[in-house]
Every structure is written in C-alpha cells, then in structure tokens.
Amino acid sequence: MPALAATLRLLRRALFREKLPVVPGCLPVSSGGAPVIAEQRILKHASIESFAHHLRKHKCSSVLVLTGAGISTSAGIPDFRTPGTGLYDNLGKYNLPSPQSIFDIDFFRRNPNPFFLLARELYPGNFKPTPGHFFIKLLAEKGILLRNFTQNIDTLERVAGIREEFLVEAHGSFASAKCVGGRLKPKPNQYQSSENESNPNHSSSEEEAEEPFTPPCGATYTQEWVKEQVFAGKIPTCENPHCPAGLVKPDITFFGEQLPARFFTCLKTDFAKADAVIVMGSSLKVSPFAMLPLLLSKDVPRLLINNEVVGNFNPDNGKDAVFLGSCDDGCRALAALLGLEDEFEEMIQAGAS
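Conventions and cut-offs
- Residues numbered from 1 in each chain as written.
- Predicted model: local features only at pLDDT ≥ 70, side-chain atom pairs only at ≥ 80, totals over all residues.
- Heavy atoms only, no water.
- Buried < 20%, exposed > 50% of the residue type's maximum accessible area, 1.4 Å probe, protein only.
- Helix = DSSP H or I, 4+ residues; strand = E, 2+ residues; numbered from the N terminus.
- Arc of directions from axis to C-beta.
- Contact = heavy atoms within 4.5 Å.
- Axes fitted to C-alpha atoms, helices over the stretch in contact; angles between N-to-C directions.
- Parallel < 35°, antiparallel > 145°, perpendicular 65-115°, else oblique.
- Nonpolar A, V, L, I, M, F, W, Y, C, P; charged D, E, K, R; others polar.
- Pairing = 2+ DSSP bridges.

## Examining helix α12 (residues 327–337)
- Listed in full, the buried residues belonging to α12 are Cys327, Asp328, Gly330, Cys331, Leu334 and Ala335. Projected down its long axis, α12 carries its buried residues within an arc of 160°, all on one side.
- Each element contacted by the buried residues of α12 is listed here: α2 (48–57), α5 (131–141), β9 (276–280), β10 (302–306), β11 (320–324) and α13 (341–352).
- Where α12 ends, the next residue or the one after it, glycine 339, has phi of about 75°, a positive value.

## Overview of the packing of α12 against α13
- At a closest axis distance of 7 Å, the pairing of α12 and α13 adopts a crossing angle of 140°. Taken together, the axes of α12 and α13 lie oblique to each other. Taken together, the residues of α13 that come into contact with α12 (itself represented by Cys331, Arg332, Ala335 and Ala336) are Glu341, Phe344, Glu345 and Ile348.
- Residue composition of the contact of α12 with α13, by class: five nonpolar, no polar and three charged.

## What to know about the environment of cysteine 238
- Of note, cysteine 238 is situated in the loop between α10 (223–231) and β8 (248–252).
- In this structure, the C-alpha to C-alpha distance between cysteine 238 and glycine 218, residues 20 residues apart in sequence, is 9.7 Å.

## Re the sheet that holds β10
- Pairing within the open sheet is parallel, and its six strands lie in the order β3-β2-β1-β9-β10-β11. Each edge of the open sheet carries a strand with a single partner, namely β3 (167–169) and β11. When strand polarity is set aside, the average angle formed by the axes of neighbouring strands in this sheet is 15°.
- In this structure, β9 lies alongside β10, joined through four bridges in parallel fashion. Pairing of valine 277 across the sheet is with arginine 302, part of β10.
- Packed on one face of the sheet, α2 meets β1 (63–67), β9, β10 and β11 and runs near 145° to β9.
- The sheet contacts of α5 involve β1, β2 (145–150) and β9, and relative to β2 the element is tilted by about 150°.

## What about the side chain of glutamine 151?
- Assignment of secondary structure puts glutamine 151 in the loop between β2 and α6 (156–160).
- Other than its neighbours up to four places away in sequence, glutamine 151 contacts Thr67, Gly68, His171, Ser282, Val286 and Phe289.

## Quick word on the sheet that holds β8
- The three strands are arranged β7-β4-β8 in an open sheet whose pairing can be described as antiparallel. At either margin of the open sheet sits one strand with a lone partner, and together these are β7 (220–222) and β8. Across the sheet, the mean angle from the axis of one strand to that of its neighbour is 40°, orientation sign disregarded.
- Pairing between strand β4 (residues 172–179) and β7: three bridges, direction antiparallel. Note that in β7 the partner of serine 176 across the bridge is threonine 222.
- Across the sheet, helix α4 (residues 113–122) touches β4 and β8, and the angle it forms with β8 is around 55°.
- Against the sheet, α10 contacts β4, β7 and β8, and its axis sits at roughly 75° relative to β7.

## Some thoughts on unusual backbone geometry
- Note that the residue after serine 287, namely proline 288, is joined by a cis bond; omega there is 5°.
- Among the secondary structure elements, proline 288 is positioned in the loop between β9 and β10.
- One non-glycine residue, threonine 155, lies in positive phi territory at about 60°.
- Structurally, threonine 155 can be placed in the loop between β2 and α6.
- One non-glycine residue, leucine 284, lies in the positive phi region at around 50°.
- Take leucine 284: it is sitting in the loop between β9 and β10.

What follows is the structure in structure tokens.
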C-alpha cells in the first residue's frame with residue numbers, strides 16, 4: 001500500500017500542480033471552462049512529422065513508450081475492448097458473472113478453469129512479435145529508448161529481443177508464476193471446457209463460497225512448468241506438500257492484486273527523465289496505467305499512435321501529436337521519418353525468419 005500511496009501522490013501532483021479542476025479523460029480546464037493550452041508550442045504541428053522533427057532536433061535519448069493491446073493485434077492476439085472482436089466481447093462460452101471476472105483474483109481462487117482455458121489460447125509461443133515490438137527494440141538499440149511500460153501480458157517484447165532492463169510489464173506477464181493460495185477443499189486437478197465446469201454458479205456455490213482460503217506459500221514456478229500443466233489440461237497446483245490447496249497462477253496482475261514493484265520503482269525515476277513519450281495501442285481506460293501520460297513535464301511532447309484519440313490527448317495543446325491508424329503503420333512512418341527505415345525493415349525480416 002505504501003507504493004500505491006506514493007503513486008497517487010505523484011498523480012495528484014501532476015493533475016493539480018496548476019490548481020485547476022480536471023475533467024476525467026479531458027484536458028485540464030480553467031475556471032472559465034476553456035482548455036488549458038501550453039504556454040508555448042513544443043511541436044509546430046500535431047503531426048507525426050513534427051514529433052519526429054523534435055526527436056531529431058533535440059537528440060532525444062530518454063523516450064518513454066507506453067503500449068497497450070493494440071500493439072499485438074496484428075500478431076493475432078485480440079485486444080480487450082473493441083466491440084465484436086475484443087476479448088471481453090468473446091467470453092460468453094465461459095459463463096462469467098462479468099467479462100472482467102476472468103482476471104479477478106477472488107473469482108480465480110474459486111474457479112480457475114475459465115482462466116486456464118483462455119490461457120491455452122493466449123499462451124506465449126503461439127504468436128510472433130509485430131513490427132511495433134521491433135520498433136521499440138530498434139529505439140533501444142539506437143540509444144533513444146528510456147523504458148517501455150507495457151500493459152500487455154503476452155511477453156512479445158521479450159520474444160522480440162527487447163532487453164529486460166528496458167521493460168516494465170505493468171500488468172505482469174506469463175514469464176513467471178507463483179502460488180496464490182486457494183480453497184482448503186481443492187477441486188479435481190483436471191479442468192474441463194464443459195458448461196458446468198466453467199459456470200461460476202456451478203463452481204461457486206454457497207457451500208464453496210464459504211470455504212476458507214489457504215494463503216499463498218510463496219513458491220515460484222517457471223513459465224515452462226506452468227505451460228506444460230496447462231497444455232496437459234491440468235490446473236497448475238502448488239507442489240509444496242504443506243500447501244495442499246495452492247493454485248499456481250502466472251504473474252499476471254489480476255483485479256484485486258497490487259502492481260509489480262518494478263512499476264513503482266521506475267515510475268518514480270523515469271517520468272522525471274523523459275524527454276518525449278509515445279503511446280501506442282492503448283485505450284487508456286485502466287488505471288493507474290491510464291494516468292501515466294499525465295505525469296510528464298509540460299515541455300515533454302507526446303505522440304499517440306492509435307485507431308482513435310484517447311485519454312487527454314489534444315491536437316490543439318501544442319505538445320501532442322496524433323497518428324490515427326495501426327501501430328504497425330505508425331511505427332513504419334516514424335522509422336522512416338527518423339531515417340531508420342532500412343534498419344527497421346531488416347529487423348522485422350530477421351525476426352520473422
């Protein structure tokens with residue numbers, strides 16, 4: 001909780017340093033109701049061209065890249081919220097109380113079946129990195145990247161070859177796993193895709209809901225071990241003999257869990273150092289990640305690469321640039337503007353082989 005309190009203090013400082021009321025999802029507004037515009041323009045135009053010009057002119061070397069599910073959609077991984085194709089719109093077969101329940105820690109401890117059924121579809125190794133991932137790797141190799149804060153759990157940044165020191169997996173990932181405890185009366189180890197097994201009303205009856213939970217024992221497990229269990233159709237269960245009901249969950253941050261410590265550590269240092277930020281493929285709807293673009297100094301330019309304008313990005317504020325389109329197209333455009341087009345394409349081709 002101390003880490004969360006520190007984050008909230010940073011967010012409050014960013015939001016209220018001008019002592020102006022803030023409308024969620026919008027620019028700060030003055031007491032007269034008009035948007036607050038930068039005192040002087042940082043970018044000549046609200047375009048990717050102006051943003052690239054700024055990077056080159058000022059030799060930016062501490063660029064933050066904030067990424068969401070949109071960077072992985074061209075790999076075949078659905079995002080969460082796109083109507084019709086998003087993950088949350090296609091979970092009906094699991095009979096969940098709500099789409100978000102599949103990533104809820106309390107629900108998981110009662111009924112881990114839906115998550116592990118979904119995990120078989122999403123598990124690392126089934127997908128390859130996209131051009132967006134390789135662009136971030138290129139920024140790192142060119143000494144331009146400070147950090148990539150990602151909401152994604154697919155580990156495609158690691159697969160692309162981005163070094164761990166450049167990564168902050170804000171919502172965790174499949175890369176490691178640990179015991180998270182569970183019911184004292186464990187369910188059978190084999191999970192099923194039948195309606196009853198994935199129905200919360202079946203697995204969370206009054207009797208089961210009242211069962212006490214055993215706390216996590218702290219045992220850790222590798223991605224490979226968990227994947228072997230999942231693809232064998234088993235619920236990964238703690239092997240500690242003193243933890244008979246422990247469930248083993250990939251270190252993905254579920255609703256009801258604290259974000260990784262590294263998120264808070266890098267948050268304190270990186271946003272004070274950043275000289276530019278790129279936001280790609282995020283709806284900026286999940287806090288505290290959604291509030292990260294608000295932590296930047298007023299003279300730090302921001303580029304949004306997304307299918308729609310999100311958060312408090314505003315082309316009229318003098319420091320924001322917007323590229324409406326796919327992450328892959330935006331990264332190709334920016335690479336060309338930075339004179340890195342050939343190296344970028346070579347990296348993509350090498351990664352595809």
